[in-house]
Amino acid sequence: MLEPSHNNELPAIPGKRYFTIGEVAELCAVKAHVLRYWEQEFPQLSPVKRRGNRRYYQRADVITIRQIRSLLYDQGYTIGGAKQKLSSHEIKDDTSQYKQLIRQMITELEDVLEVLNAPVR
């Protein structure tokens, strides 16, 4: 079937408010054209569009994209099946989402700890 990609190896989401399509593509390990296609297929994805029709994704969008990626690439869902799963509230009970959020929080807390432990100049 589909070879599972390693969601555990996706980079941590930086503490920014907005992300460009290129940044999101790197954070989620998908190409930009795939993100544009998913915007058409999944109503949950609606990045802010600024001048020149440039897309700016928020943190929640990045997490949703990672969920979509996991459903399609790791769990083998079709686009239709992934849409159903996302539109139902089953995805909220999915432990992988919570694990991902916890890993993200740990990474952010480690970054804060590193800053706090840095020698004062």
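These numbers come from a predicted model, not from an experiment.

Enquirer: Mind showing me how you'd approach the nonpolar core here?
Expert: Nonpolar side chains in soluble globular proteins generally cluster together in the buried interior. Ranked by internal contacts, the top residues of the largest apolar core, which has 22 residues, are Val24, Cys28, Leu35, Trp38, Val62, Ile65 and Ile68. Going through the elements one at a time, helix 1 (21-28), helix 2 (32-41), helix 3 (59-74) and helix 4 (79-87) are the ones with two or more residues in this core. Examining the composition of this core, we find that six residues originate from one element, helix 3, more than from any other.

Enquirer: Looking at this model, I keep getting lost on a nonpolar patch on the surface. Mind explaining?
Expert: Side chains of Tyr98, Ile102 and Ile106 sit close together on the surface and give an oily, nonpolar patch of about 290 Å² of accessible area. Mapped onto the secondary structure, Ile106 falls in helix 6 (residues 95-117).

Enquirer: Would you explain the environment of Tyr57 in this entry?
Expert: Within the secondary structure, Tyr57 is located in strand 3 (residues 54-58). Between the C-alpha atoms of Tyr57 and Thr20, which are 37 residues apart in sequence, the distance is 6.3 Å. Once residues lying within four places of it in the same chain are set aside, the contact partners of Tyr57 are Arg17, Tyr18, Phe19, Thr20, Ile21, Val24, Leu35, Glu39, Pro47 and Ile65. Polar contacts involving the side chain of Tyr57 include one to the side chain of Glu39, which spans 2.4 Å.

Enquirer: Just checking my understanding: could you explain the packing of helix 2 against helix 3 for this structure?
Expert: In a packed pair of helices, the relevant descriptors are the angle between the two axes and the axis-to-axis distance. Their axes nearest at 12 Å, the elements helix 2 and helix 3 cross at an angle of 95°. As the angle between them shows, helix 2 and helix 3 are arranged roughly perpendicular. Packed against helix 2, whose contacting residues are Val34, Leu35 and Trp38, the element helix 3 presents Ile65, Ile68, Arg69, Leu72 and Tyr73 at the interface.

Enquirer: I'm lost on the packing of aromatic side chains in this one. Help?
Expert: Both the distance between ring centres and the angle between the ring planes are used here to describe each pair of aromatic rings. Per the stated rule, a full pass over the model turns up one aromatic pair. Judged by centre distance (6.1 Å) and plane angle (55°), the rings of Trp38 and Tyr73 are tilted. Here the residue Trp38 occupies a position in helix 2, and Tyr73 occupies one in helix 3, the gap between them amounting to 35 residues. One Lys or Arg, Arg50, reaches over the ring of Tyr18 and ends 4.9 Å from the middle of that ring. In this structure, Arg50 is placed above the aromatic ring of Tyr56, and the distance from its NZ or CZ to the ring centre is 5.6 Å.

Enquirer: Which parts of the structure should I look at to understand unusual backbone geometry?
Expert: The phi angle of most residues is negative, glycine excepted, and most peptide bonds adopt the trans form. Notably, Ala29 is not glycine yet its phi reads approximately 55°, a positive angle. Relative to the assigned elements, Ala29 resides in the loop between helix 1 and helix 2. On the basis of relative accessible area, Ala29 is assigned to the partly exposed category, the value being 43%. A positive phi is found at Asn53, a non-glycine position, where the angle reads about 60°. Residue placement: Asn53 occurs in the loop between strand 2 (48-50) and strand 3.

Enquirer: Whenever I open this one, the sheet that holds strand 2 confuses me. Can you help?
Expert: Across a sheet, strands are paired by hydrogen bonds formed along the backbone, either parallel or antiparallel in direction. If you trace the three strands from one edge of the open sheet to the other, you get 1-3-2, paired in antiparallel fashion. Each edge of the open sheet carries a strand with a single partner, namely strand 1 (18-20) and strand 2. With strand direction ignored, the average angle separating the axes of adjacent strands in the sheet is 40°. Relative to strand 1, helix 1 is tilted by about 90°, and along the sheet it contacts strand 1 and strand 3.

Procedures and definitions
- Along each chain, residue indices are assigned from 1 in the same order as the chain's sequence is written.
- Since the coordinates come from a predicted model, pLDDT governs what is reported: local features require at least 70, and pairs of side-chain atoms require 80 or more to be given and counted, while whole-chain, interface and lining totals use all residues.
- Just so you know, side-chain values use all the structure's heavy atoms and leave hydrogens and water out.
- Here, nonpolar core means buried Ala, Val, Leu, Ile, Met, Phe, Trp, Tyr and Cys residues that are tied together by side-chain atoms lying within 4.5 Å of each other.
- Burial classification: accessible surface area is computed with a 1.4 Å probe over protein chains only, and a residue below 20% of its type maximum counts as buried, one above 50% as exposed, and the rest as partly exposed.
- Each helix is a run of DSSP H or I of at least 4 residues and each strand a run of E of at least 2, with the numbering of both proceeding from the N terminus.
- What makes a patch is a set of residues exposed beyond 30% relative accessible area and free of salt bridges, joined within 9 Å when like-charged and within 5 Å when nonpolar (Val, Leu, Ile, Met, Phe, Trp, Tyr).
- The accessible surface values rely on the Shrake-Rupley method and a 1.4 Å probe; as for residues, cover is taken only from the protein chains in view.
- Each reported salt bridge corresponds to a side-chain nitrogen of Lys or Arg within 4 Å of a carboxyl oxygen of Asp or Glu.
- Contact between two residues is taken to exist if any of their heavy atoms lie within 4.5 Å; hydrogens are not considered.
- Polar contact is the term for a pair of N or O atoms within 3.5 Å; when the atoms are in protein, one must be able to donate a hydrogen and the other to accept it, and sequence-neighboring residues count only if both atoms are side-chain atoms.
- Think of each axis as a best-fit line through the C-alpha atoms, taken over the contacting stretch in the case of a helix, with angles from 0 to 180 degrees between the N-to-C directions.
- Roughly parallel here means an angle under 35 degrees, roughly antiparallel means over 145, roughly perpendicular means 65 to 115, and every remaining angle is called oblique.
- Here is the rule: rings of Phe, Tyr and Trp (six-membered ring for Trp) pair when centre to centre is within 6.5 Å. Planes less than 30 degrees apart are stacked, more than 60 are edge-to-face, and the remainder are tilted.
- Only lysine NZ and arginine CZ atoms are considered, and such an atom sits over a ring when it is within 6 Å of the ring centre and within 35 degrees of the ring normal.
- DSSP-based pairing: two strands are paired if at least 2 bridges between them are found.

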